[in-house]
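Each chain, letter by letter, is given below.
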Amino acid sequence: MFTMPTLNYAQLAPILIVLGGALLGVLVEAFLGKRQRGPVQVTLTLGTLVISFAWLLHVKNDMSATAAVGSVATDGFGIFVQGAILVLAFLAVLLIADNDHFAPAASALPGSEEEAVAISSGIRTTEVFPLTLFAVAGMMLFPVASDFITLFVALEVLSLPLYIMTGLSRRRRLMSQEAALKYFLLGAYSSAFFLFGIAFLYGYSGTLSLTDVGTANIFSAGSPVFLYIGMVFLTIGLLFKVGAVPFHSWTPDVYQGAPTPITGFMAACTKIAAFGALLRIFYGAFFLMQLQWKPFLTTIAIITMVLGSIAAMTQRDIKRTLAYSSITHAGFLLAGVVALNKAGLAASMFYLVAYGFTTVGAFGIVTLVRDSSGEVTDLSKWAGLAKKSPLVSVAMALFLLSFGGVPMTSGFISKFSIFTAAYQSGNIAIVVVGVLSSAIALFFYLRVVLILFFQEAPTDGVSVVIPSVMTRIAIGICAVMTLVLGIYPNLLLNLVNTMATLVH
Amino acid sequence: MNILSIVTLFPLLGVVALAFMPKTNTYQIKIVALGISIITMLLSFVMALKYKSPASGFSYVTSHPWVSSFHINYALGIDGLALVLILLTTVLVPIVVLGGWNESEGGRWSVKTFYMLILVLETFMIGVFAATDVFLFYVIFEAMLVPVYFLIGGFGTGERAAAALKFLLYSLFGGLLMLAAVIGIYIISAEQAIGSFDVTALSHLTIDHATQNWLFLGFFIAFAIKAPLWPFHTWLPGAAKAATPGTSILLLGVLDKVGTYGMIRFCLTLFPDATKTFAPYIIVLSVISIIYGAFLAIGQKNLSSLIAFTSISHFGFITLGIFAYTSQGLTGATFYMVNHGFSTAALFLVGGWMISRRKSAAIDDFGGLQRITPVMAWTFFIAGLSALALPGLSSFVSEFLVLLGTFTRYPVAAIIGTLGIVLAALYILILVQRTLHGPLKSGNESMVDLNLREKIAIAPVIAALVILGFYPKPALHVINPSTTSVMAQMNVIDPHVLAGK
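If you're wondering where the values come from, they're calculated on a predicted model, not measured in any experiment.

What counts and how
- The residue numbering used here restarts from 1 in each chain and proceeds along that chain's sequence as written.
- Working convention: letters from A go to chains and numbers from 1 go to ligands, in the order in which they are written.
- Per-residue local features of the predicted model are confined to residues with pLDDT of at least 70, and side-chain atom pairs are confined, for both listing and counting, to 80 or more; whole-chain, interface and lining totals are unaffected and use all residues.
- Per the convention used, a helix needs a DSSP run of H or I reaching at least four residues, while a strand needs a run of E reaching at least two, with both numbered from the N terminus.
- In this description the radius of gyration comes from C-alpha coordinates, and the expected globular size is given by 2.2 Å times residues to the power 0.38.
- With C-beta atoms placed from the backbone, a residue is labelled by how many other C-beta atoms lie within 10 Å of its own: buried for 20 or more, exposed for 12 or fewer, partly exposed between the two.
- For the purpose of contact definition, each residue receives a C-beta atom placed from its backbone, and two residues are in contact when these atoms lie within 7 Å.
- Residues are sorted three ways: Asp, Glu, Lys and Arg are charged, Ala, Val, Leu, Ile, Met, Phe, Trp, Tyr, Cys and Pro are nonpolar, and all the rest, Gly among them, are polar.
- The criterion for strand pairing is that DSSP finds at least two bridges linking the strands in question.

Asks: Can you explain the overall build of chain B? Please cite residues and give values.
Replies: Secondary structure assignment for chain B yields 20 helices and 2 strands. The C-alpha atoms of chain B give 22 Å as radius of gyration, which agrees with the globular expectation for 501 residues (23 Å, within 12%). For chain B, the residues scored as buried account for 62% of the 501 residues in total. Look at the contacts in chain B between residues 6 or more apart in sequence, and 81% of them connect residues 24 or more apart.

Have a look at this one:
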């Protein structure tokens, strides 16, 4: 017999609004003329995100584990993460709206006549807006999903648009397409791992609910080996998304190949969504099995921190440098996951938001540095930029110092709170390694600062384009948040402390 | 807002004022920077005159919640140790501004940027000594590196970018080790009572030996890099060589003192047992620093790096006094910090003027300055004498106290340390002989003597060296109570002197 599921639409509305906006965006693509599409899509996308956020504020105190028959858990943690994704997606869309980052005809072969025709006709790519909204919807569902099927669906909904968006770069088409393909193939593998893990967990516990799997090992008569296999495979799928070593190899290529605003969007929002899901799973479903997974995840965190920061030192390209930096940060965030206490949850939430602002800001600045053929990401060309554009250079230095965790920036408070949580849980090894790899990581952030400020500009140097109003707003907000959260972190710390609750 | 907060934050007012001034009017910018730093100095004098040594803890205490979820406070307060170092800072900044009147020009950035950085740095330098919250101290300790980095990299000479980067990386690395220790002690305080970063509350914790040792090392290495103690010193000569003389004065005269200040304030009082465990090893490092710094100073061909190496030797004396943890040793070390600040300032000021006139820092290029620039030569000579701790100059008092204090606990170290004095005479007198005496070397003929501005800048420094040399009582009077309280917190007394008295 089939019973109608009872859905609490009020609590699901933030996600549904974004999905609705995405579908409207598709209709706009189909029915509006080329000229009107651009402004309409930007307005629609930003509007959707704002409405969704407003609705989220409206329902922020409704906690329940049964918003969608036990498949979605809306709790303080989930709502906070959703809000963070919406805010950062909003900022990223402001960057995306600066229109000349995307290929007019992404399906055309690089260098083909078809492509030339598309370029000369002045077509503007606007599909990217509904794709962004679809991805945002998936990202919002991912950290609140409380059964494995919903989790998988959310993972796919967030990933598929990103694969396409990666391939849309206007310049260096071949690299962009290669990045998209690589991302897609490796993403598909990781999804397969993820599903495989779910199958084992189901086989072991007979349930797909995160909560029930969590208590299953007390009651189940099955061999725990299946539980372990399931946990490992599921974790691998998630670690791939957050870009932890050794599942990180896609990150530099994809970050480099994707259009820069998309990279910023992915780096900030995907990380938040994926860590949201990771935290929910490990703080919830796998909490009782911590003796089994903690050593595994601690090891991953340590090698991620160390290898990420060492590999970053040799990079010559700003986007690749930032990619390795994001890998290192994934390591620090994993330290928050293995802390497994309330402080760890709150610290991770703070970290994700602070890191998100800094990341969007940093990639925003990368979009501005160009020469005649477009964006320039080769660091040697950035030499002496501070002389020509002091303001942009100071902002970039601020973001880099924040990545490095220098006091008075948000990155420092993030690092401090996450190490405090890890120390509190008795995991001193991770603190010591974290501190040492921070020191290594500082080297390459400071190297970029040195290039910007203290090297002589080459003759074929780059210039900073006058940013559009939207880009200016996005970078401005990111810079202000990076500074404010560093000097007066109370604003966000108090919020994460009250919101750091999980329902089971 | 109490006067300590006002003194700390006042230079920021100057930063705001400078931000609104046009870049082109450099004279006006300099006057504003000088004015602000002089007012800060006068305010600090007012504070010092009204200062009374507290029975225990700190004076001028103020505390406001800052990051409440981690119990972090904006907490300031000073004792004698902090007071003398704050006074050193507020006196040196206007002297640097006045003495290095033209060194802000010809840098990578505008004059305005230079003075904004200097004033931001002044707030940090005062704040770092005034902070009684370990977290606040740490934040300032790290944040103050950023203005120095840009001062060296933007306005220095030669390999300035590389030197600035090396300086920053070393310091930040040490800072990160300290961060781990700061977190550690906070967690311990949270386990034993409510979490706290208050330095007095933290000194009441009971920490087991092994943990104390690790936490001690976290703090100590950061301070040893800052101080700098052999073998953590390698960043210093490069930085001093590349920085402008004014920046070098602040760097060696004040910033490096944060290291030795931190050793007393945090290492000794928070981890007394670990201090006793490690003291013999640190004494060895200090003695090596004294001898090594002195020997390398003798061999230097560059004036700035020579002064930098003499400082390494002097910092050896300071750490020697600190880790002998006797009352003479600690008082001597604290007083040494002040005197070294002034004598380094004198050396770099006059040395800087010599370098800028000769357009060269190589010692071999100078010679016979006594004949054509007698005032400059004499002031340099006096500065040199204070570096070699001639009796009658203030550095003699402190060096004597340090060696005396050390002798009662570590006689061998004190005896070897005394060799440092002999070597000091060597490196200073050789320098004086080569640059000031002898026949006039070619290239020096067109040198001009000190002008009025330079005389005004150097006069207070020499006055301080002489006055404190003959009458050190006011300084020792405020330092002594804090020494007593550090000894009490460590629960140690002076060792008995067995013979000779």
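Asks: Summarise the interface of chain A and chain B; cite the residues concerned and give the values.
Replies: In this complex, chain A contributes 23 residues to the contact, which on the side of chain B involves 22 residues. Those elements giving two or more residues to the side of chain A that touches chain B turn out to be α17 (410–424), α18 (428–454) and α20 (490–499) of chain A. If one sorts the elements of the side of chain A that touches chain B by residue count, α18(A) sits on top with 11 residues. Looking at the side of chain A that touches chain B, its residues break down into 17 nonpolar, 6 polar and no charged.

Asks: Could you give me a rundown of unusual backbone geometry, with the residues and numbers involved?
Replies: Each neighbour pair has its own omega, and for Val245(A) with Pro246(A) the value is 5°, a cis peptide bond. Here Pro246(A) shows up in the loop between α9 (224–242) and α10 (250–257). In this structure, Pro228(B) follows Ala227(B) across a cis peptide bond, with omega equal to -15°. Among the structural elements, Pro228(B) can be located in the loop between α9 (209–226) and α10 (235–242). The backbone of Met408(A) sits at a positive phi, close to 80°, despite the residue not being glycine. Its place among the elements puts Met408(A) in the loop between α16 (390–404) and α17. Accessibility expressed as a C-beta count within 10 Å gives 19 for Met408(A), which makes it partly exposed. With a phi close to 60°, Lys359(B) is a non-glycine residue in the positive phi region.

Asks: Go over the pairing of strand β1 (residues 59–67) of chain B, please, and point to the residues and values.
Replies: Residue and element names in this part refer to chain B. Bridging between β1 and strand β2 (residues 72–78) involves 6 bridges; their strand directions are antiparallel. Bridging across to β2, Ser59 finds its partner in Ile78. Count of turn residues in the β1/β2 antiparallel hairpin: 4 residues, of which His71 carries a positive phi of about 55°.

Asks: Quick rundown of the environment of Thr406(B)? Include the residues and the values.
Replies: Residues and elements named next belong to chain B. Structurally, Thr406 can be placed in helix α17 (residues 394–409). Here the alpha-carbon distance between Thr406 and Arg358, two residues 48 residues apart in the chain, equals 42 Å. Once residues within four sequence positions are removed from consideration, Thr406 is found in contact with Leu320, Gly321, Ala324, Gly329, Ala413, Ala414 and Gly417.

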